[in-house]
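Summary of structural features
Here is what each chain is made of, one letter per residue.
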Amino acid sequence: MKESRSWNLLGEMIYGGDYNPDHWPEEIWIEDVQLMKEAGVNLVSLGIFSWAKLNPAPGVFSFEWFDRVMELLHEGGIKVNLATATASPPAWLWKLHPEIGAIDADGTPFSHGGRQCYTPNSKAFIRYALELTQAIADRYQDHPALVMWHVNNELHGNGPESYGELDAIAFREWLQARYGSIEALNEAWGTTFWSQIYSEWDEIPPPRKLTTGANPSMVLDYKRFFSDAYIDFYRKEAEILRKATPEIPVCTNLMQLYPKIDQFKIIEDCDLAAYDCYPNPIEAPGDFLAISADLTRSLTPDAPWLLMEQVTSQVNWQPPNTIKAPGVMRLWSLSHMARGSDGVMFFQWRQGRFGSEKFHGAMVPNAGPDSRVFREVCELGADLKKLKPVVGSTLQAEIGIFWNWENLWALETSDKAQVFNHTEQIQRLHEACRDLGLYTNFVHPDNPDLSRYRYLILPCTYLLTEAQSKALRDYVEQGGEILVTYYSALVDENEQLYYGKAPLHLRELLGCWVEESDGVESNDHNALCFEDGTEVPCGFICETVKPEAAETLASYRSNWYQGEAVLTRNRFGKGQASYLGSRPAERKGWADVLQRVFDLEGCGHGFAVQPDLDILTRHGAGGERYTFFLNYASENRSVDLGAHEGQDLLTGKALRGELLLEPNDVVVLAELA
Amino acid sequence: MKESRSWNLLGEMIYGGDYNPDHWPEEIWIEDVQLMKEAGVNLVSLGIFSWAKLNPAPGVFSFEWFDRVMELLHEGGIKVNLATATASPPAWLWKLHPEIGAIDADGTPFSHGGRQCYTPNSKAFIRYALELTQAIADRYQDHPALVMWHVNNELHGNGPESYGELDAIAFREWLQARYGSIEALNEAWGTTFWSQIYSEWDEIPPPRKLTTGANPSMVLDYKRFFSDAYIDFYRKEAEILRKATPEIPVCTNLMQLYPKIDQFKIIEDCDLAAYDCYPNPIEAPGDFLAISADLTRSLTPDAPWLLMEQVTSQVNWQPPNTIKAPGVMRLWSLSHMARGSDGVMFFQWRQGRFGSEKFHGAMVPNAGPDSRVFREVCELGADLKKLKPVVGSTLQAEIGIFWNWENLWALETSDKAQVFNHTEQIQRLHEACRDLGLYTNFVHPDNPDLSRYRYLILPCTYLLTEAQSKALRDYVEQGGEILVTYYSALVDENEQLYYGKAPLHLRELLGCWVEESDGVESNDHNALCFEDGTEVPCGFICETVKPEAAETLASYRSNWYQGEAVLTRNRFGKGQASYLGSRPAERKGWADVLQRVFDLEGCGHGFAVQPDLDILTRHGAGGERYTFFLNYASENRSVDLGAHEGQDLLTGKALRGELLLEPNDVVVLAELA
Amino acid sequence: MKESRSWNLLGEMIYGGDYNPDHWPEEIWIEDVQLMKEAGVNLVSLGIFSWAKLNPAPGVFSFEWFDRVMELLHEGGIKVNLATATASPPAWLWKLHPEIGAIDADGTPFSHGGRQCYTPNSKAFIRYALELTQAIADRYQDHPALVMWHVNNELHGNGPESYGELDAIAFREWLQARYGSIEALNEAWGTTFWSQIYSEWDEIPPPRKLTTGANPSMVLDYKRFFSDAYIDFYRKEAEILRKATPEIPVCTNLMQLYPKIDQFKIIEDCDLAAYDCYPNPIEAPGDFLAISADLTRSLTPDAPWLLMEQVTSQVNWQPPNTIKAPGVMRLWSLSHMARGSDGVMFFQWRQGRFGSEKFHGAMVPNAGPDSRVFREVCELGADLKKLKPVVGSTLQAEIGIFWNWENLWALETSDKAQVFNHTEQIQRLHEACRDLGLYTNFVHPDNPDLSRYRYLILPCTYLLTEAQSKALRDYVEQGGEILVTYYSALVDENEQLYYGKAPLHLRELLGCWVEESDGVESNDHNALCFEDGTEVPCGFICETVKPEAAETLASYRSNWYQGEAVLTRNRFGKGQASYLGSRPAERKGWADVLQRVFDLEGCGHGFAVQPDLDILTRHGAGGERYTFFLNYASENRSVDLGAHEGQDLLTGKALRGELLLEPNDVVVLAELA
């Protein structure tokens, strides 16, 4: 599979969206293909919610209308990303097998009609879903329009964790596979606490409604189990597709920063990374686009990836639903390409007339093609044609930031000194990297190739196994440099505290230990004081750090631990390891810390950094450089290109010296090798 | 029924309240009648929650105590508005038929003990309720004290929508009656969306708990269905009563601005409009009293109506429960009469000693008749005697504002550019009309007599059928003038978007179309700029309006659509049609828009308008004018009566020239024809 | 039992904490005993959550490991407060008897894994719990380390009110015992309201989910019933223990200001008052420590009591979980002793490694004994040794404040003029007493010995029986003085309003009545105006007070009742009775009222009062005085000792004249008789 990751579906940038012809009469289909061609569309995702229409009764399939759609698309030169159509089960299946419905932690069943209302732990559901997948694969495996498979849709997105009897049974099977014996489970979960000891597997419930917090080790395992249940469902569909068409890439649309699926795990079975991206336009979207694209790129860091869904104008579920101003759709689309996407797709092609998403934006709005949105869609399609040379090139990062879904689950689960939102701990840090023009990948702690990164950052890496600690030690010993932040390396894979001075297995590496972690009310409750007098406001959590071999870089400004260490650095082997015991209140503060801890000379894009101006370079296999300049600011930005010169792929103009960008402007400087 | 609407029960203003003698021993009944006479009470609502006491076991009735109460009242000259007593089922019925209880969307059953805990879709509940209604009708149909029937109580008020199996069965029957075939239902609901297609009726659930939003067409139908279920229950009781006493008016107490019952539908079976009004005294009550009274009047615009419940001093469910200061009860009571009520009634006659409403105010408080409240009650009773000439007169409005419960349900249901509260969209507009001294009725879009109004306003009339659009076109063609506001005429009766440029069926009439609807965060995000330089702050939603035949009256001040049209006017036939694409931030802004769009010369009360001073004229059949002056301000108000002169009915004083009103003062100027 | 209340377990101050050896291997046990000795620990609470480990299967007990722990402790000279271990049922019992789980008001069952997830109305649960209690009693009744029994743990703390069928059955039995006949119940509950009349006991449900508020008399009885159910469970365990060891004191750990258990009732079966205290360090802890300790002392006002749990540094459930700064643990610990505790215990001895409390602070933190926390623990242990002379002495109060759980339940239940939080009504008042240096006990209205108090205060004593009113009248007649505040004496034991001018049964005593109670939005909406021109801001509720025999001390500043009485005083018999009809906005205002109403000369500690400085004197049987000076302020405080002199027990220094205290300082001045 690794092999197939250097995918290149069409030899050009992908452009298109979800297509739901089942909502429309056939005369609209014909108009659709015509408009697609006008807009430059070359790929559509087809059939995602068509289960009921393709499979109207048990064992009955109705493909004729779908054949016609495939045919029309093929005739129009539009390729198909064909869905397995299993995202929402039909009413007849619900009636036949009411037990397929998910059940919440209170025991309330979810009803039919929402999307993804099933539990993946229902064998009946899986059986019917695979039957449909097989039928679709059989029917279309040789269809010339087919170029990609789309498994299900936003797995576990609206599909909640379920707590019913089927889930309990599957959970116990999962636990038996993980622990082997009930004694091992009791040991791992620490069930002597609050008299939770289990004698038999069937005594173990899912973490349903309790009078108090549940056993946090159980909660962590339930998150693992549910992520695995969805990944397993994905794999079963993928297996059918791969058997039918070994050459056609299989993927699914992951979700931006989504907490419930271990994306580093599911990516093992995907031929490419693809994701859906829906920032709120009112919030600073540049930061959000950057971190969500970087996380997706990090899943297959040496290959391009695909933006599978975004919206043209406004969604319907972030009220107020603000419209993207003219030029914003283009800027955001190209920002994904700047970070490695080889295409831009939308939900959806044509705005619907009914159902709960009828006010969701589309490439063709309800007003029709005579509309601002469709005109911008056509312009963007034309832009993408010009970016064909960029296809296949990649963006390489020098800094790795640890990201681990197991850490996220553990960190957000049990009662700690603070209420942690895992992603929030990382966002400010990532924004600081963006401000400094640095390129960052997210890295799983088990990644065998840590040494590709010049620097590694462990933000709030609460769960860190002994083996992962060991690998870090090796990394530093060989010359790597790391920054570990507050509340890291406290628990093992079972969420049990390491017994002794924390962070136990990093203590020697860091040359310090942490005595106490004070949860504080405000984000700027205290400050890091550097020897040169600089103060960096910090708060949220304040740890009293006890240097042993490490030197103190900054100490607390106030509170009863005034003067105690908060930022330390330890030389170890050929590298060094720093520890930060509190959270800078502002992104500026994070940038200060990064600059003091690491030598950033030569890192990043190499141009002068400016606020709200992204500069990102993709490298081709032959040494070509494609540098994207994206102006998010509401005023003009001017860039001194220095020694760089070449052609703007979008306008064809030659570029050298001073480059001027108006708001929302994008320039793609091509420098050939 | 229309005929019986010119009701006149007593030949004088009605005065009284809910009476619960079952809470008290008989010696108190005797004192009650004595005090009622002292207070000028002439009508009480009797037996509303007496089911358990009148019908203590299946088939067993116990009327003796009730006979005695009826007799005492009759002897005291007090008339009776007799309840069917079905508002809360007794415990024995709950035990016998536990399935009568309502079930929430999560499947949780409501328990016995609250009021109206039943579902009207239980046939057992209906059977027992009708048995009681019949027994009461049989017993009292010829009683001389009986002058009015009170069906149930605040229908669907505390009775929630229910989602159990009985409701599912009744819903399916209702759907079959509406759609005829499952194919028609699938078409109407757009069930191809998210694989929701139904093959059989029994696959259709009520909109229970889902993982996502439900099908909005289904949600709209469920609102219709539940409103119908309650109206049907009302009709069944009313039918029994009408058969027993064809001459006695039948009604029920509707609720102020209540969203769950289609009041334009239920009023078809009521002999008069009656309602309960409980503003929060801390919020600006004048506005609330005005809109809630106007809506009730609009149900039978050519007849008087009745304020069936309000409180004397304080309620028990709006904590903090503020007391009405001296004079406020009188002001509010007379304000209802100014807007057409032919009486004033309270919940309740005597404050209770137990149960969850024991701290609800009453005409006789727990402290007894030696109290401020009872003294004011007696004074108000005396005032009402003096208003006898006003009985039967009506207030006529020149402006019609569209109000349609189906639109309310559709607007508040599905995912849109904004979160709409239907009533909130109308309240600021209605307040502006009040500020301008205009008289407004609320009008259902299907009203066959639109031409009685000089102007029509369509506030946020999201759901508008083709037929309704056609009627509007006819209205304007014949010389009518309309103002249509944002988010109007987008969907049909099934809540499906009209396909094409919006508002499709009003496009020609308005001479413009709306391209995009931007949901914005603040209410004063933008402004309407008029040619004369006036700026009217607006926000909430900003639509880009594309004039075709229409002229532009105002354009946007800012954002990327700066300079685009926001307010247009189109001459059409003999009339004109205006469109407003955003929401003024203040009532003052609404007044600006109304004055620019309509020629208001000669509209309204004709006196100089002043803040917090209501002036309202009721007209008698013989041309008499009764003009109410009500001072809500905390300072004195002075009115120049101009050519008007006559007598103040309340004081008997002759009025001419300058009229001075102290805070809370009310004057009723009678001008005979 | 009364006799055994002058308990003295160890002849010295108690010091220790909860000990959970089942979480650790045996080698840690040995280290534990060693460290306990180092810290001065003399008592541990053992086995609280060990049910599953002591009783691993039905009828099977496993005591060997526990014997070893007991033995090790005994060898180390550590005494044991032995738990009945019934706080959380094991998984096998849950599987065997799933009906033991509590059910919420919506019908949702609680699942296994949280603590105290059972309902005490399950006979199966009680049977197994008592079987375990008996087994423990049998095994350890003669063990030399045993000095105290610890029944269950924080009864009803996490154990919710349950609403299942077992609860319904038990509730009906409780009701039959209380009311005898269904007619008496209907009368007491006022079930004619909303048709709630019951014909048979089995028609009565628990107050499950309703469409409206439940019958408030039923709700009050359900609170009584559930408090009784837990107290009954406590009694059953205590009976077993008392039979086994008549000489060993039995108690349980009550909770600070806990609303669900009637502590005045359960204390009848406790040999001493013990409680758990967890203030939030971010909020003003001095006030909280004072009121919670005073309430616990008030349960057995003539005996010492015991602080059974607190935390050394930070808890894990108040995020952010702030750390106590150096010295704070000592200050808070000694503050409990100042108010009468004869010891200091912690949850817990050693920080856990797993489960949802692993981040809860402990005497030995995860970092081990080389830590700030353990060092402070050792210092405190040494301090306690020096306080041995204080053992057995008590603090005596001159002011009694009414506190009645039945009043709390009634006040917080039904719909009133305001939303009342019972404790909040008292806290500001208690703080004012603290500011004035007054000593206060909380007193149940049925207390037969009211005359021991110089003054009595009835804060918001909504429920007051006729007998309680009569006792107050006798108290004042004999020379007592009382202050009654707003919303008092309105209802009887069934929560039915007294019929007539309120407060009916105190009207003659107070010489005034209350006409109306205005719920107002702000806390400083109005003011008490005194004749000397002083204004004391007040609000929340404003009652119009009608003096009869009483004199008016203050009248309202504003609103329509400006000038009406708000504070009155009535001479009655040899005493006097004051009434306050509104709530002072600030503690300063409460102090003003107290000083005007009562002659406080000679009350309180007798030193000059200073902010955040507590001065509290315990008296020994032989006339010795132990005066604690505790400085909560962040600056130094200086006290003029006047005629007092003696020795500081903590430092051994002689004290006279000026006493200086740094922040967090504590001095214990011993004056021998």
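All figures in this text were calculated on a predicted structure; none of them were measured in a lab. (Residues numbered from 1 in each chain as written. Chains lettered and ligands numbered in written order. Predicted model: local features only at pLDDT ≥ 70, side-chain atom pairs only at ≥ 80, totals over all residues. Heavy atoms only, no water.)

Side note on the overall build of chain A
Helix and strand counts for chain A come out as 17 helices and 27 strands. Reported as C-alpha extents along the three principal axes, the dimensions of chain A are approximately 75 × 75 × 45 Å. Expressed as a percentage of the 673 residues in chain A, the buried residues total 68%. The contacts in chain A between residues at least 6 apart in sequence include a share of 72% that link residues at least 24 apart. Working note: accessible area of chain A is about 21200 Å², and carbon and sulfur atoms make up 48% of it. (Helix = DSSP H or I, 4+ residues; strand = E, 2+ residues; numbered from the N terminus. Buried < 20%, exposed > 50% of the residue type's maximum accessible area, 1.4 Å probe, protein only. Contact = heavy atoms within 4.5 Å. Areas by Shrake-Rupley, 256 points an atom, 1.4 Å probe, with all protein chains shown as cover.)

Examining the relation of the copies chain A and chain B
It takes a turn of 120° to lay chain A on chain B, together with a shift of 0.0 Å along the axis; the resulting RMSD is 0.0 Å. Seen this way, the second copy is the image of the first under a three-fold rotation axis. Among all residues of chain A, the one whose C-alpha sits closest to the rotation axis is Thr108 of chain A, at a distance of 4.9 Å. (Least-squares fit on C-alpha atoms with pLDDT ≥ 70 in both.)

Some points on the pattern of salt bridges
If the charged atoms of two oppositely charged side chains come close together, the side chains can form a pair. Residue and element names in this part refer to chain A. In the structure shown here, the tally under the stated rule is 150 salt bridges over all chains. One salt bridge connects Asp287 with Arg434, and the closest N-O pair in it is separated by 2.7 Å. Of this pair, Asp287 sits in helix H10 (residues 285-299) while Arg434 sits in helix H14 (residues 422-435), and the two are 147 residues apart along the sequence. You can call Arg434 buried: its relative accessible area is 13%. Salt bridges linked by common partners bring Asp287, Asp294, Arg297, Arg339, Arg428, Glu431, Arg434, Asp435, Arg587 and Asp614 together as one network. (Salt bridge = Lys/Arg side-chain N within 4 Å of Asp/Glu carboxyl O.)

Here's the deal with the sheet that holds strand S24 (residues 646-648) of chain A
Residue and element names in this part refer to chain A. Strand order in the open sheet formed by 5 strands is S21-S22-S27-S24-S25, and the pairing between neighbours is antiparallel. Strands at the two margins of the open sheet, each flanked by one partner only, are strand S21 (613-619) and strand S25 (654-655). Where strand S22 (residues 625-631) lies against strand S27 (residues 666-671), 6 bridges are found, and the strand directions are antiparallel. Paired with Phe629 across the bridge in S27 is Val667. Strands S21, S22 and S27 of the sheet are contacted by helix H11 (residues 328-338), whose axis makes an angle of about 145° with S22. (Pairing = 2+ DSSP bridges. Axes fitted to C-alpha atoms, helices over the stretch in contact; angles between N-to-C directions.)

Considerations on the interface of chain C and chain B
Between chain C and chain B, the contact holds 50 residues from the first and 59 residues from the second. Of the roughly 4500 Å² buried between chain C and chain B, counting both surfaces, carbon and sulfur atoms make up 56%. Looking at the side of chain C facing chain B, the largest losses of area belong to Trp194, Leu497 and Tyr499 of chain C, adding up to 17% of the total buried there. A salt bridge links Lys95 of chain B to Asp202 of chain C, with the shortest nitrogen-to-oxygen separation between them at 3.0 Å. Run the count over chain C and chain B and you get 24 residue pairs in polar contact (both at pLDDT 80 or more). Ranked by residues supplied to the side of chain C that touches chain B, first place goes to strand S14 (residues 512-519) of chain C with 6 residues. (Buried area = accessible area lost by both parts, 1.4 Å probe. Polar contact = N/O pair within 3.5 Å; in protein donor to acceptor, adjacent residues only side chain to side chain.)

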